[in-house]
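Letter by letter, the chains look like this.
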Amino acid sequence: MPELRNNHFKDENMGFGGTSLSGLLLALMIYILPSVIALFKNHQHKKSIILLNLVGGLLLGTGWLLAFIWCFISGKRE
């Protein structure tokens, strides 16, 4: 009878392996996207957008969505 080895049942995506770490970095990049866009466009309300993005994003994504919309409204500083 063949011997069963425990390594057949290992889930290689558990923990902070390559897949999990890259997923975490991708999520972080998406999370700060409104702030990056506001800085890149030199938005006149960039400090407020960054604050709303970082703090308001923790409230079930509502702040992130508002910051994402706001970063495209009312253009750049002259």
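Residues numbered from 1 in each chain as written. Predicted model: local features only at pLDDT ≥ 70, side-chain atom pairs only at ≥ 80, totals over all residues. Heavy atoms only, no water.

A. Examining the confidence of the model for the protein more closely. Averaged over the protein, the pLDDT score is 81; the fraction of residues at 70 or greater is 72%. In the model of the protein, helix α1 (residues 18-31) stands out as the element of lowest mean pLDDT, 88, in contrast to helix α2 (residues 33-40), which has the highest, 96. (pLDDT = per-residue confidence, 0-100. Helix = DSSP H or I, 4+ residues; strand = E, 2+ residues; numbered from the N terminus.)

B. Highlighting the environment of Thr-62. By the secondary structure assignment, Thr-62 is in helix α4 (residues 62-70). When its relative accessible area of 47% is taken as the criterion, Thr-62 is described as partly exposed. Taking the C-alpha atoms as reference points, Thr-62 and Leu-52, separated by 10 residues in sequence, lie 9.5 Å from one another. (Buried < 20%, exposed > 50% of the residue type's maximum accessible area, 1.4 Å probe, protein only.)

C. Expanded view of the side chain of Asn-53. Relative to the assigned elements, Asn-53 resides in helix α3 (residues 46-56). Excluding residues within four positions of it along the chain, Asn-53 makes contact with Tyr-31, Ile-32, Pro-34, Ser-35, Trp-64 and Ala-67. (Contact = heavy atoms within 4.5 Å.)

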